[in-house]
Amino acid sequence: MSPTTLPLQRYLAALHEKYRTMDAGAVTTYIPELAKADPNWFGICVVTTDGYAYAVGDSEVPFTIQSVSKPAIYAAALADRGRGPVLRKVGVEPSGEAFNSISLDPQTGAPLNPMINAGAIATTGLVAGATAAQQWERIVEVMSNFCGRPVTVDEDVYRSESETGFRNRAIAWMLKNFDVIDGDPMPVLENYFRQCSIQVTCLDLAFMAATLANGGVHPRTGKRTVPADEVQSVLSIMATCGMYDYAGSWLYEVGLPAKSGVSGGVIAVMPGRFGLAIFSPRLDENGNSVRGIAVCQQMSREFGLHVFGVSVSPSLVLSRVFTALEVPSRRLRPPPVAARLRQVASRIKCYCLQGEVAFDGAEFVVRSLMQATPESDSFILDMHRVSYLADSAAWLLHDVRQLLVAQGKAVVFSRIRGRAVVEAALRRTLPEGDNGYLSFEDNDLALEWCEERLLSAEAETSPPEGTVAGFPLFSGMSERALTLLRERLRSMDYPAGAIIISSGEEEDDRVFFLREGEVSVVLSLADGSHQRLATLSAGMSFGEMVMLGSRARSASVHADTPVRSWTLSARALDELAVDHPEIKIAILKNLSLDLAHKLRQANQLIGVLAA
Ligand code: GLU
């Protein structure tokens, strides 16, 4: 697919076309070198958290980053010094004053937040490094990590700002006065001017926003740039202080953490989803890019991006619930046992969870389990489609498990394997003194375990030895017919682990009658894994399809325990049918009944899976 045909690319191109002619606002002039910008420059870029970049317009034109550097350097200060020391020097309150105001906390002298110049200059002084030169190296490293490429400084803009930045110079000395900056404030200020003069493109800024959206990891280079715990600190500051004096209206109307700069750059972050950047140097009276704001407003409105507008129902984490009556395990049981199990099978419930399971989703699941408790005995939590499990959610699941186990119920997990995030959260939050939880490879094994548990709670019935008359395939036969059949049966014994039937085998035409032991019918899947189709015990038969003329075996049969069986070859039955066609007719009738039963079960399973 060519990128120009992607819907979002076409959408962004249309936005660009719409606002290209919007000529309100003016290029800033207070830094003389910035006045040289072309007022018509206009780029829009979106980078997704999986690293796909959409770009329209002037996405590669270099310009100086200015205040859009502030959240990045704040992230670096948090990473280098820790939250406490940074908070002691720079606050987190919106100032309500202009970006270059000399607004310091009247009590402590600390700047109100890191997005106004006073706070940003203080923050620049907090990044790692014993000297200003070392701190500058760190700043370059951080900005390069955010952009995903080495960055350099526009020396003309730097000189221009340094020569005219009297107000910022005054701010730096104020910070010195209140001990917010230790040592000589001038080298710190020069680093700040340089940091603002780092050259970026609109695309770089979109990658920077996407890194913040992606939990602090650059979506292309994979490099961790912000500590995971501090991403939300940076985004909070951007949400409340990122858009100069327009921050309140911005949060109200657009509702995305953002930061703009006087050279015309704007970044906005949709956490977990994507980063957005716009570059257009025409600024409004607050110092924000006019087109930048227009684009963000329209996108937020049309795509419903406001972070407080997101309402995902916690019930979505539960994709479906089924009982062992609807989907029994693949263990086939002798008819009386199967009948007993059917009476109680709806007491086994499988809950299939999906997506990102956080506290609210787990709370919903826990409440569903509790509600179902009176008419349930066992719960299976299928984690196969869970992409993320919060520690708080894992803690809730353990808690309800302990609670229900204490009431004599079972709560087990299935399909955790390969879900490293889920496994880690469950292990991390295992309550002290807890013996751990049961976890099964697949739902089939979990269902079987729950069925056995239910059955063993009732009177034990030892499986009957298979007698010829007892096999359902021979049911309704006369004594005479049974004698004739018995003469044609051959005894076959197998040790545990033996392969009795191999899938694909064409020569073998025997039907097996299991007299003792257990076997499993197994399908080999294309990915090399195996799927159990059924487990059979004494009194059941297998391999009957040869009587219907199907030659190649469709699945393998393994002896799970030592096995004693009888076999009847289809050819021998055909020979017998020459004089006694009624025997073959009776067997085929019994087989049809059995197949009809299996088909009904399969249909029910399809119904549950498709629901
Ligand atoms: N270097 C500029 C200043 O301190 C940045 C201003 C901004 O982009 O808000 O004045």
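Notes on the structure follow. (Residues numbered from 1 in each chain as written. Predicted model: local features only at pLDDT ≥ 70, side-chain atom pairs only at ≥ 80, totals over all residues. Heavy atoms only, no water.)

### Let's talk about the environment of Glu582
- Summarising the element assignment, Glu582 is placed in helix H20 (residues 581–610).
- A relative accessible area of 45% means that Glu582 is categorised as partly exposed.
- The sequence separation of Glu582 and Ala481 amounts to 101 residues, and the corresponding C-alpha distance is 9.0 Å. (Helix = DSSP H or I, 4+ residues; strand = E, 2+ residues; numbered from the N terminus. Buried < 20%, exposed > 50% of the residue type's maximum accessible area, 1.4 Å probe, protein only.)

### Section: the sheet that holds strand E20 (residues 563–569)
- Strand order in the open sheet formed by four strands is E13-E20-E15-E18, with antiparallel pairing between adjacent strands. In this open sheet, the two edge strands, each paired with only one partner strand, are strand E13 (490–494) and strand E18 (541–542).
- Bridge count between strand E15 (residues 510–516) and E20: six bridges; the pairing is antiparallel. Residue Glu516 lies in a different strand from E20, and its bridge partner there is Arg564. (Pairing = 2+ DSSP bridges.)

### Brief notes about the pairing of strand E1 (residues 43–48)
- Within E1, six of the six residues are buried, leaving the element largely enclosed by the surrounding structure.
- Burial of E1 is two-sided: the residues Gly43, Cys45 and Val47 facing one way and the residues Ile44, Val46 and Thr48 facing the other way are all buried.
- Direction of pairing for E1 relative to strand E2 (residues 53–57): antiparallel, over a ladder of five bridges. Bridged to Val47 within E2 is Ala53.

### Quick notes on the site of the ligand
- Taken together, Tyr30, Gln66, Ser67, Phe99, Asn117, Glu161, Asn168, Tyr192, Cys196, Tyr244, Gly261 and Val262 are the residues near the ligand.
- Taking Asn168, its side chain carries an N or O atom lying 3.0 Å from an oxygen atom of the ligand.
- Between Tyr244 and the ligand, the recorded distance is 2.5 Å, taken from a side-chain N or O atom to an oxygen atom.
- Relative to its free-state accessible area of 300 Å², the ligand is covered by the protein chains to the extent of 99%.
- Its residues placed into classes, the shell around the ligand shows six nonpolar, five polar and one charged. (Near = heavy atom within 4 Å. Polar contact = N/O pair within 3.5 Å; in protein donor to acceptor, adjacent residues only side chain to side chain. Areas by Shrake-Rupley, 256 points an atom, 1.4 Å probe, with all protein chains shown as cover. Nonpolar A, V, L, I, M, F, W, Y, C, P; charged D, E, K, R; others polar.)

### So, the pattern of salt bridges
- With the rule as written, the count across this model stands at 30 salt bridges.
- A salt bridge links Glu518 to Arg331, with the nearest nitrogen and oxygen atoms 3.0 Å apart. A residue pair is termed long-range when its members are at least 10 positions apart, and Glu518 in the loop between E15 and strand E16 (519–524) and Arg331 in the loop between strand E8 (318–323) and helix H13 (335–344) qualify at 187 residues.
- Here Glu363 and Arg367 are joined by a salt bridge, their closest N and O atoms 2.8 Å apart. In this pair, Glu363 and Arg367 are both assigned in helix H14 (residues 359–372), four residues apart and thus about one turn of the helix distant.
- Relative accessible area serves as the criterion here: at 30%, Glu363 is assigned to the partly exposed category. (Salt bridge = Lys/Arg side-chain N within 4 Å of Asp/Glu carboxyl O.)

### Remarks on helix H8 (residues 185–196)
- Between the first and last C-alpha of H8 there are 17 Å, a value that for twelve residues agrees with the 16 Å anticipated at 1.5 Å per step.
- Judged by how many residues are buried, H8 sits mostly within the fold: ten of twelve residues are covered.
- By the burial criterion, the buried members of H8 are Pro185, Met186, Val188, Leu189, Glu190, Asn191, Tyr192, Phe193, Gln195 and Cys196.
- Among the structural elements, strand E3 (63–64), helix H2 (69–81), helix H4 (117–124), helix H5 (132–147), helix H6 (155–164) and helix H7 (166–177) are those in contact with the buried residues of H8.
- Measuring from the backbone nitrogen of Met186 back to the side-chain oxygen at the start of H8 gives 2.9 Å, which picks out Asp184 as the cap. (Expected span 1.5 Å × (residues − 1). Contact = heavy atoms within 4.5 Å.)

### A closer look at the nonpolar core
- Ranked by size, the top nonpolar core spans 68 residues in total, and within it Met143, Ile198, Leu205 and Met208 carry the most contacts.
- Of all the elements, helix H9 (residues 202–213) adds the most residues to this core, at ten residues.
- Excluding residues within four positions of it along the chain, Leu205 makes contact with Phe63, Ile65, Val68, Val200, Gly265, Ile267 and Ala277. (Core = buried A, V, L, I, M, F, W, Y, C linked by side-chain atoms within 4.5 Å.)

### Points about H2
- Its 13 residues give H2 an end-to-end C-alpha distance of 18 Å, which sits within 8% of 18 Å, the value for a rise of 1.5 Å per residue.
- Most of H2 is tucked away: ten of the 13 residues are buried.
- The set of residues buried in H2 consists of Ser69, Lys70, Pro71, Ala72, Ile73, Tyr74, Ala75, Ala76, Ala77 and Leu78.
- One or two residues past the end of H2 sits Gly82, with phi positive at roughly 90°.

### Description of the packing of aromatic side chains
- All chains considered together, the criterion is met by 13 aromatic pairs.
- Geometrically, the ring pair formed by Tyr52 and Tyr54 is edge-to-face, given 4.7 Å between the ring centres and 65° between the ring planes.
- Taking the relative accessible area as the measure of exposure, Tyr54 reaches 11% and is therefore buried.
- Between the aromatic rings of Phe512 and Phe542, the centroid separation amounts to 5.0 Å while the plane-to-plane angle is 0°, which identifies the pairing as stacked. Within this pair, whereas Phe512 is found in strand E15, its partner Phe542 is found in strand E18, the two being separated by 30 residues in sequence. Taken individually, Phe512 and Phe542 each receive the classification buried, so the pair is uniform in this respect.
- Through successive ring pairs, a cluster of aromatic residues spans Phe471, Phe474, Phe513 and Trp566. (Phe/Tyr/Trp six-rings, centres within 6.5 Å; stacked < 30°, edge-to-face > 60°.)

### A closer look at the side chain of Ser160
- Among the secondary structure elements, Ser160 is positioned in helix H6.
- Polar side-chain contacts of Ser160 include one of 3.0 Å to the backbone nitrogen of Glu33.
- Not counting chain neighbours up to four residues away, the residues in contact with Ser160 comprise Ile31, Pro32 and Glu33.

### Quick look at the state of the cysteines
- One pass over the full model with this rule turns up zero disulfides.
- Here Cys45 stays free of any disulfide, with the sulfur of Cys202 as its closest cysteine sulfur at 3.8 Å.
- Free of any disulfide, Cys350 has its nearest neighbouring cysteine sulfur in Cys352, separated by 4.3 Å.
- Given the relative accessible area of 1%, Cys350 is considered buried. (Disulfide = S-S within 2.5 Å.)

### Remarks on the environment of Leu6
- Examined against the element boundaries, Leu6 turns out to sit in the segment before helix H1 (7–19).
- Linking Leu6 and Tyr54, residues 48 residues apart in sequence, is a C-alpha distance of 9.3 Å.

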